[in-house]
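The lines below spell out each chain.
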Amino acid sequence: MMLIPCPWCGPRAQIEFTYGGDATVKQPAHDAPEAAWTEYVYLRDNPAGPHEELWHHSAGCRQWFRLRRDTRTHAMLSSTRPAEPGGERC
Amino acid sequence: MLTQPFRVASGGVIDRSRQLAFEFDGVRCNGHPGDTLASALLANGIHLVARSFKYHRPRGIFSAGCEEPNALVQLAMGPRTEPNVRATTVELYDGLVAASQNRWPSLGFDVGALNGAFARLLPAGFYYKTFMWPSTPKAWLGYERFIRAAAGMGRAATEPDPDTYEHQYTHCDVLVVGGGPTGLAAARAAAATGARVILCDEGHRFGGRSIGEIAAIDGVGADAWMEGTVQALAANPDVTLLPRTTAFGSYDGNMVALLERLADHLPSPPPHTPRQRLWKIRARAVVLATGAHERVIAYANNDLPGTMLAGAAKTYVQRYAVRPGTRVLLFTSGDSAYAAALSLHSAGVAVEAIVDARAEAGIVGTLAQSARAAGLPILSESVVVGAHGGKRVAAVDVATRGGTRRIECDLICVSGGWSPAVHLFSQAQGKLRYDERIAAFLPQTSSSAVVAAGAANGRFALSDALADGHAAGLAAVGKSATALSAPRAEIETVGASRALWSVPARKRSAKRFVDLQDDVTAEDVTLAAREGYTSVEHLKRYTTLGMGPDQGKTSNVVGLALLAEATGRSIPEVGTTTFRPPYTPVTMGAFPGQDCGKHVEPTRYSTMHDWHAERGAGFVNAGLWKRPHSYPRPGESPDDAANREAKNVRENVGVVDVSTLGKIELQGRDVAEFLNRVYVNRWDTLAAGRCRYGLMLREDGIVLDDGTTSRLSDTHYLMTTTTVNAVRVMQQLERLLLIDWPDLEVYVTSVTEQWAAAAVSGPKARDVLARIVDIDVSNAAFPFLAVGECQVRTADGLIPARLLRMSYSGELAYEIHVPANHGRAMWEAVMAAGEPFGLMPYGTEAMGTLRIEKGHIVVGAEADGRTTADDLGLGKLVSPAKWCIGKPLLDRAALKAADRWQLVGLTALDGANMPRAAKIVADPDRALPNPMLGHVTSWCWSPNLNVWIALALVAGGRERDGEVLWAVSPLANARVRVRIGPPCFIDPQGERLRV
């Protein structure tokens, strides 16, 4: 059971989290062509090695964060808070 | 009753002052506290304890530990009976009852032994060949029955497990797995630095294979040193000792799972005590002092009862004071077997010969010299080519330089080398390397968090193991030396061992077993290689080598070494198979612990639940929630009740508990914009005090969920979702706001549990409401889709409420939301106010009937993860004026094809019942393949229309108005003619909603 470092709560057991998908894909612009949206919705890389992911601390602080994890060894390389909304609040 | 004729008169770590009575296959025997079932059987001279898996050959006790491949017994009877229990690890208790397995009618005379006559037809993987010929299904089903009956060994219990199991979580600085001398040295070193240490061992006594050992540690006898160390650790408040505890699996993040057997050594657990406890330990560092397993040598008939591992024979003598035979022959290619020879000799067993494959010049170790000094006959450069006997070893053929001779004996002790127990190390991602010198796979350092020590690290000699354990204990706390020095034992010279995996057979029919548990022979390994199964993983699966409960502990390395020979590769090139938990079998009950029965998942109840139960409602599951199905009156079936309730809603008025719907409050400056993006329709046009139906799509354009969202004020909204999607939608909204659109100022809060809700529906709903709410609910003041706050008069007094005029039933209806703890009071107020108007409570079944009559979709039925808004007739809801999730992929050609399955209504003709889960076809008698034109998504008897109706998805459905097709259910052999019409059977203009 992986030990996942939540940026707010510290390392917690995997069972408290929900996997939220690939963090390297960004929602295209609303008027981007269909091909861009198809790629965003369906296509994913599957790297054997460091992977940027989104995780939700669903049974904890309920925040979303980015985790860099090695998919082969499950080593936790880094976890970061997403961009702060508005910039004023912390 | 047998009287332990093979018990040595003195010595052993057993309590001779007490006797324990036990029974094996109906034979009553005695043993002593400290015995295992195996040692007690041997003390009573019982060697034949099992029949092998496939060939039903007679088998005896092979080892003294968890690596036992042969002596699997059925333990206890009734609800506590357990199959495939290793007799070598069962702690003997008074009244123990055990039976042999896999034999009929008896162990001594087993009809299954006839398999041996067909052995040539039953090599490894024979059942795969049955797929090839005869290949008719009938033939295969014929012999499949025999294969199935022959498979397996013991029998599972047929009654529920009467015991309870517990889970425990804890953290520590150092977890030491294995309490032999190595583990004790490691724990001692780590604990002395003040670290929190947990030390576990699978035995009830710490000491491992050194229990009863005659060597000295730090100047005292090994037993005394170990006992003293254990006492010192026990007295340390930062140390937790876990005997009878097997660490069975290593997982990510240095989590180790352990099974503590609290009561398996007793006939039943004491009151209020779980039988076993599953520990999940998160350790900063783990020291694996897990020891090593001795290996087989594959020579002809190496499986006769009376054949055992040399180290096991030594343990039976030293620890259990048992003579495993009267005349012993040892077969080895290394020094460790000489210790066994000396032990057996000192216990009065005649040592007929020590057959050593090495040259005389290589037999130079301390132990070998002691053996020579004791006059034990050593045959160097010799091998055993075959054993003879029926139900017990009688003689052995030994090939020496000078020729072959036959030596009579009743005990063969074999030592094919040692394999470090690297299971947990490998599970923790540790890499192994093959060491030719000791012919074993050793741990290569993986990380500082997991360290192997002692025999598990290839340090087999006691002095090396103690030093290695001490160093590992220090390394685990990040130190290289402290004031405490490592414990010391006498250093012995150990001669190099020679890898010896098998001895060629002289007769073709002779069986040379590699995996005793699954009856896999050396011939099977070469057969697999010949058939192209040259990868070690394929060898395992094709031959089943290493797949039994022992997971090949005594056989895996021998098997892969033979595969290397057969395929001309080196042993490291062949490699090992993947190690997976559990290390030894874990009983099923330990995994759920107390989360079983109704505790598998939490059950969620509305605050009106007790009222429903008191009224005799049956309940259905909606996700984790319990919802009332209907409220049958005495003599009424649940379906009759539901029909009565549904009819009453349209004639008078009904009330249904809708507390389980997901509720999410959204507040902030940008809520309308947020709703615009997540729903298909527009929300910036919704005024305060109004609500609206909303439809959400997935990113691929398929319908995800629906609900209604109300605007309570300029910046305060309340969203409802379906019951089963509440959690998913909430998670999605949080993600969108935190990751994708952090610039929107919106705060979301789940309030599903905070509000209880009921829907009052029917032509007389206004009359009922007017009696209990304090606002004007006339059509002018509170029109269709109005929302507002009010107070409800209840027995609790005036309680604040939210009133929403929306309708799921298609009748005049209001949803009342109150703080959850007032739910029952509100419900009872509605019931009392509704009595003069014929109000009846209704459940999910009637609610379903009403919504089918109106054609309202349900997520999971019509919105089944494949349908678009347009398929469901809701295409017009998708606003062209703005973007929403799913919009970009909605224009794909496949989602706009004309023959897509579209939502329609079906009416059953000819007074017939609508079959369950029916498919739509044009001609039910058409030969297969019969093209399916659609399927029914929801169906019911309509008490308001007196006919069976359904909602269905039919190809090009909207163009088929008036067509008659067939709804068929091949499984139920039912068919009915149906007429297609619009998916709304009552009041299509929605006039009843707006009165």
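Calculation criteria
Think of each chain on its own: its residues are numbered from 1, step by step along the sequence as written. Written order determines the labels here, with chains lettered from A and ligands numbered from 1. For a predicted model such as this one, the threshold for reporting local features is a pLDDT of at least 70, and the threshold for listing and counting side-chain atom pairs is 80 or more; totals across whole chains, interfaces and linings nevertheless cover every residue. Derived side-chain values reflect all non-hydrogen atoms in the structure, with water molecules and hydrogen atoms excluded from consideration. Each helix corresponds to a stretch of at least 4 residues labelled H or I by DSSP, and each strand to a stretch of at least 2 residues labelled E; elements are numbered beginning at the N terminus. Three labels apply to residues, based on accessible area from a 1.4 Å probe with only protein chains included: buried if under 20% of the type maximum, exposed if over 50%, partly exposed otherwise in between. Here a residue-residue contact requires only that any non-hydrogen atoms of the pair lie within 4.5 Å. Accessibility throughout is a Shrake-Rupley quantity obtained with a 1.4 Å probe, and a residue counts as covered only by protein chains that appear here. Detection works on a 1 Å grid of protein atoms alone, calling trapped sets that fit a 1.4 Å probe cavities and calling open sets with protein on both sides within 12 Å along at least five of seven lines pockets, with lining residues defined by an atom within 4 Å of a point. Grid points are joined across faces, edges and corners, and a volume is the space filled by probe spheres set on the points. Throughout this entry, Asp, Glu, Lys and Arg are counted as charged residues, while Ala, Val, Leu, Ile, Met, Phe, Trp, Tyr, Cys and Pro are counted as nonpolar. The remaining residues, Gly among them, count as polar. Criterion for a salt bridge: a side-chain nitrogen of Lys or Arg within 4 Å of a carboxyl oxygen of Asp or Glu. Any two strands are treated as partners once DSSP identifies two or more bridges connecting them. Axis definition: a line fit to C-alpha positions, over the contact stretch in the case of helices; interaxial angles, taken between N-to-C directions, run 0 to 180 degrees. We call Phe, Tyr and Trp rings a pair once their centres come within 6.5 Å, taking the six-membered ring for Trp, and we label the pair stacked below 30 degrees between planes, edge-to-face above 60, and tilted otherwise. Whether a charge sits over a ring depends on NZ of Lys or CZ of Arg being within 6 Å of the ring centre and within 35 degrees of the ring normal. Simply put, the buried area is the total loss of 1.4 Å probe accessible area from both parts when two parts are fitted together. Think of the arc as the fan of directions from the helix axis to the C-beta atoms. Each angle gets one of four labels, with under 35 degrees taken as roughly parallel, over 145 as roughly antiparallel, 65 to 115 as roughly perpendicular, and the rest as oblique. Put simply, a crossing is left-handed when the front helix is turned counterclockwise from the back one by less than a right angle, and right-handed when it is turned clockwise. pLDDT is defined as a per-residue confidence score from the predictor, taking values between 0 and 100. Residues adjacent in sequence count toward polar contacts only when both atoms are side-chain atoms; beyond that, a polar contact is any pair of N or O atoms within 3.5 Å, and within protein one must be able to donate a hydrogen and the other to accept it.

Enquirer: Looking at this structure, how should I read the overall build of chain B?
Expert: Of regular secondary structure, chain B possesses 21 helices and 49 strands. C-alpha atoms of chain B, sized along the principal axes, occupy 115 × 70 × 55 Å. Within the span of chain B, comprising 995 residues, buried residues form 57% of the whole. Pairs at least 24 apart in sequence give 66% of the contacts found in chain B among residues at least 6 apart. Total accessible area on chain B is roughly 40600 Å²; 54% of this is exposed by carbon and sulfur atoms.

Enquirer: Even after reading the chapter, I still don't get the overall build of chain A, so can you show me in this structure?
Expert: Per the secondary structure count, chain A includes one helix and six strands. Along its sequence from the N terminus, chain A presents helices and strands in the succession β-β-β-α-β-β-β. By principal-axis analysis of the C-alpha atoms, chain A measures approximately 40 × 40 × 20 Å. Put simply, chain A has 90 residues, and 31% of those count as buried.

Enquirer: Help me understand empty space enclosed by the protein, please; the structure alone is not making it clear to me.
Expert: In this approach, a probe sized like a water molecule rolls over the atoms, and the result shows the empty space that is left. Residues and elements named next belong to chain B. In total, this model carries five cavities of 30 Å³ or more according to the counting rule given. One number sums up the size of the largest cavity: a volume of about 270 Å³. Mapped by element, the contributors of at least two residues to the lining of the largest cavity are strand E25 (418-420), strand E27 (440-443), helix H12 (536-543) and helix H13 (556-567). Each residue belonging to the lining of the largest cavity can be placed in one class, and the counts come to ten nonpolar, ten polar and two charged.

Enquirer: Teacher, can you tell me more about the pattern of salt bridges here?
Expert: Once their charged atoms are close, side chains differing in charge can pair, the charge on each being opposite to the other. Residues and elements named next belong to chain B. A full pass over the atoms with the stated rule returns 56 salt bridges over all chains. The shortest N-O distance in the salt bridge between Asp684 and Arg682 comes to 2.5 Å. Assessed through its relative accessible area of 39%, Asp684 is described here as partly exposed. Judged by its relative accessible area of 33%, Arg682 is partly exposed. A salt bridge links Arg977 to Asp910; its shortest N-O distance comes to 3.1 Å. Of this pair, Arg977 sits in strand E49 (residues 974-981) while Asp910 sits in the loop between strand E44 (901-908) and strand E45 (919-921), placing them 67 residues apart in sequence. Look at Arg977 and you get partly exposed, because its relative accessible area is 30%.

Enquirer: It is not clear to me how the pairing of strand E2 (residues 27-31) of chain B should be interpreted in this structure. Could you clarify?
Expert: All names here are of chain B. Of the strand pairs in this sheet, strand E1 (residues 20-24) and E2 are connected by five bridges, and their pairing is antiparallel. The residue bridging Ala21 from the neighbouring strand is Asn30, located in E2. Here E1 hands over to E2 after two residues, with Asp25 in that stretch at a positive phi of 50°.

Enquirer: What exactly am I supposed to notice about the sheet that holds strand E19 (residues 350-356) of chain B here?
Expert: Within a sheet, neighbouring strands are paired by backbone hydrogen bonds and run either parallel or antiparallel to one another. Residue and element names in this part refer to chain B. The sheet built from five strands is open, its strands ordered E17-E24-E18-E19-E20 with parallel pairing. The open sheet has two edge strands, strand E17 (307-309) and strand E20 (378-379), and neither has a second partner. Pairing between strand E18 (residues 327-332) and strand E24 (residues 411-415): five bridges, direction parallel. The residue of E24 that forms the bridge with Leu330 is Cys413. Across the sheet, helix H6 (residues 310-318) touches E17 and E24, and the angle it forms with E17 is around 85°. Along the sheet face, helix H7 (residues 336-346) touches E18, E19, E20 and E24 and points at about 170° away from the line of E18.

Enquirer: Any chance you could explain the sheet that holds strand E40 (residues 787-794) of chain B here in plain terms?
Expert: Residues and elements named next belong to chain B. The strand order across the open sheet formed by six strands is E40-E41-E42-E39-E33-E43, and the pairing between neighbours is mixed. The open sheet has two free edges, formed respectively by E40 and strand E43 (839-841), since each of these has just one partner strand. Here the average twist between neighbouring strands, direction ignored, is 30°. Of the strand pairs in this sheet, E40 and strand E41 (residues 797-804) are connected by eight bridges, and their pairing is antiparallel. Note on E41: the bridge partner recorded for Val787 is Leu804.

Enquirer: For this particular structure, what's the right way to read the packing of aromatic side chains?
Expert: Note on aromatic pairs: each is described by the distance of the centres and the angle between the planes. Here the structure, examined in full by the defined rule, presents 18 aromatic pairs over all chains. Residues A:Phe17 and A:Trp55 carry aromatic rings whose centres are separated by 6.4 Å and whose planes lie at 90° to one another, so their mutual orientation is edge-to-face. Here the residue A:Phe17 occupies a position in the loop between strand E2 (10-13) and strand E3 (18-22), and A:Trp55 occupies one in strand E4 (residues 50-56), the gap between them amounting to 38 residues. Exposure remark for A:Phe17: the relative accessible area of 8% places this residue in the buried category. A:Trp55 gets classed as buried once you look at its relative accessible area, which sits at 6%. With centroids separated by 6.2 Å and ring planes inclined at 85°, the aromatic side chains of B:Trp741 and B:Trp883 adopt a geometry described as edge-to-face. Of this pair, B:Trp741 sits in the loop between helix H18 (726-740) and strand E38 (747-750) while B:Trp883 is found in the loop between helix H21 (844-854) and E44, placing the two residues 142 residues apart along the sequence. The class of B:Trp883 is buried, set by a relative accessible area of 13%. Three or more aromatic residues link up through ring pairs in this structure, and these residues are A:Trp37, A:Tyr40, B:Phe674, B:Trp741 and B:Trp883. Note that B:Arg692 overlies the ring of B:Trp683, its terminal NZ or CZ placed 5.9 Å from the centroid.

Enquirer: Quick question: what am I supposed to make of the environment of B:Gly203 here?
Expert: Residues and elements named next belong to chain B. If you trace the backbone, Gly203 turns up in the loop between strand E9 (197-200) and strand E10 (216-217). Owing to a relative accessible area of 22%, Gly203 belongs among the partly exposed residues under this scheme. When the C-alpha positions of Gly203 and Gln444 are compared, they lie 27 Å apart, and in sequence the two are 241 residues distant. Residues within four places of Gly203 in sequence aside, it is in contact with Pro243 and Arg244.

Enquirer: I would appreciate a short explanation of the interface of chain A and chain B in the present structure.
Expert: Interfaces are often described in size by the accessible area the parts lose on coming together. Each side of the interface is counted separately: chain A has 28 residues, and chain B has 25 residues. Taken over both partners, the interface formed by chain A and chain B buries close to 2500 Å², and the fraction arising from carbon and sulfur atoms is 53%. It is A:Met1, A:His30 and A:Trp64 in chain A that bury the most area against chain B; as a group they hold 25% of the surface buried on that side. Counting the contacts that link chain A with chain B gives one salt bridge. The shortest N-O distance in the salt bridge between B:Glu734 and A:Arg62 comes to 2.8 Å.

Enquirer: Is there a simple way to explain helix H1 (residues 34-42) of chain A in this structure?
Expert: Each α-helix winds once per 3.6 residues, and so residues spaced three or four apart point in a common direction. Those residues of H1(A) lying buried are A:Trp37, A:Tyr40 and A:Val41. Down the axis of H1(A), the buried set is contained in an arc of 90°. They therefore lie on one face.

Enquirer: What should I look at first to understand the pairing of E9(B) in this one?
Expert: A regular strand places its side chains on the two faces of the sheet in alternate fashion. All names here are of chain B. Side chains Val197 and Leu199 project from E9 onto one buried face, and the interleaved Ile198 and Cys200 project onto a second face that is buried too. Here four bridges tie strand E8 (residues 165-177) to E9, and the two strands are oriented parallel to one another. Pairing of Leu175 across the sheet is with Ile198, part of E9.

Enquirer: Just checking my understanding: could you explain the packing of helix H16 (residues 638-651) of chain B against H21(B) for this structure?
Expert: For any two helices packed against each other, one specifies the inter-axial angle together with the distance between the axes. Residues and elements named next belong to chain B. Their axes nearest at 8 Å, the elements H16 and H21 cross at an angle of 55°. Relative to H21, the element H16 is oriented oblique. For the pair H16 and H21, the sense of crossing is right-handed. For the pair formed by H16 and H21, the contact residues are Asp639, Ala642, Glu645, Ala646, Val649 and Arg650 on the first element and Glu845, Ala846, Thr849, Leu850, Glu853 and Lys854 on the second. Class assignment of the residues belonging to the contact of H16 with H21 gives a composition of five nonpolar, one polar and six charged.

Enquirer: Teacher, can you tell me more about the confidence of the model for chain B here?
Expert: Keep in mind that low pLDDT regions are not for reading the predicted coordinates in detail. In this model, chain B carries a mean pLDDT of 94, and residues with pLDDT of at least 70 account for 100%. Across the assembled chains, the prediction reports ipTM 0.93 with pTM 0.89.

Enquirer: Explain the environment of A:Ser58 to me, please; I cannot follow it from the model alone.
Expert: Inspection of the secondary structure puts A:Ser58 in the loop between E4 and strand E5 (64-70). On the basis of relative accessible area, A:Ser58 is assigned to the buried category, the value being 19%. C-alpha separation for the pair A:Ser58 and A:Thr18, spaced 40 residues apart in sequence, amounts to 6.1 Å. Discounting residues that sit within four places of it in the chain, A:Ser58 has contacts with A:Glu16, A:Phe17, A:Thr18 and B:Gln731. Among the polar contacts listed, one links the side chain of A:Ser58 to the side chain of A:Thr18, at a separation of 2.5 Å.

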